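Structure at a glance
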Amino acid sequence: HFNTIIGYDVVPATGSYFYSHAYTKYNSEPCTHTGIRATYIMSDDVTLYGCWTQGWDSGFDDNGDNFLGGVSVGVTDNLTVTYATAAGRFGEARYNGVEKGYMQSIVADYALTDSTNYIFQSDWLDTEDEFGNESRSTYGINQYLLHSINDCWGVGARFEWWAAAADNLPRQNIYALTTGINYRPHANLIFRPEVRWDWDDDGRQFLNGDANQTTFGVDAILTF
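Residues numbered from 1 in each chain as written. Predicted model: local features only at pLDDT ≥ 70, side-chain atom pairs only at ≥ 80, totals over all residues. Heavy atoms only, no water.

**A short note on the environment of Trp56**
- With respect to the helices and strands, Trp56 occurs in the loop between β4 (46-53) and β5 (65-74).
- A relative accessible area of 0% means that Trp56 is categorised as buried.
- Placed 34 residues apart in sequence, Trp56 and Phe90 show a C-alpha to C-alpha distance of 5.5 Å. (Helix = DSSP H or I, 4+ residues; strand = E, 2+ residues; numbered from the N terminus. Buried < 20%, exposed > 50% of the residue type's maximum accessible area, 1.4 Å probe, protein only.)

**Examining the environment of Leu222**
- For Leu222, the position within the fold is in strand β15 (residues 220-222).
- Look at Leu222 and you get exposed, because its relative accessible area is 59%.
- Here the alpha-carbon distance between Leu222 and Ala187, two residues 35 residues apart in the chain, equals 9.2 Å.
- Sequence-distant contacts of Leu222, defined by excluding residues within four places in its chain, comprise Asn188 and Leu189. (Contact = heavy atoms within 4.5 Å.)

**Side note on the layout of surface pockets**
- Its volume calculated, the largest pocket comes out at about 360 Å³.
- In terms of lining residues, the largest pocket is bounded by 28 residues, among which Tyr17, Gly154, Asn182, Arg184 and Ile190 are the most central. (1 Å grid on protein atoms, 1.4 Å probe; cavity = no way out; pocket = protein on both sides within 12 Å on 5 of 7 lines; lining within 4 Å. Points joined across faces, edges and corners; volume = space filled by probe spheres on them.)

Right, dumping it as structure tokens:
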């Protein structure tokens, strides 16, 4: 049982820069898998991944049957590009029925300076039910700009566009801008306050009944 190789945001809080996650992480990507995973380091610059899994976000039940794999390439000293994909059956238990299809994620991480990184991610997901009807059709782009001021302070921003259609409904385009601070007063303690703005150009509503919303969040992570 292992965390997914897909996407830039990860499941453990210690591995993600922001308190909140991107729409792609919540809605278009798996979090965990149960199956067999193989990693092959071809060279200092190339790593290959190959997995067989029982679907998405399953424990040890039969939640599907799919291939999960990808490749990570150090294109230059400053640029790393990772391609990951999943294909097959995704979520019998999770979605109360057959969901099968294809998903891919491309993440490019570029070091602008020794203390500043720009990350570009694109996701595409297309699935259908057992009768060939559309289950989920989503795609999106996430961009991160992360800067380390010193050993204690860091600032960052994430801008995302996520487009989704499901059950033959019109496609919805959602945008979100997140800015945040990472403050580490101790090697084992970090605070992550953030402000996030979400808006929908199609005029549909969020949970607050409006087509846009502003949220503030903060957490503290203590490792030991």
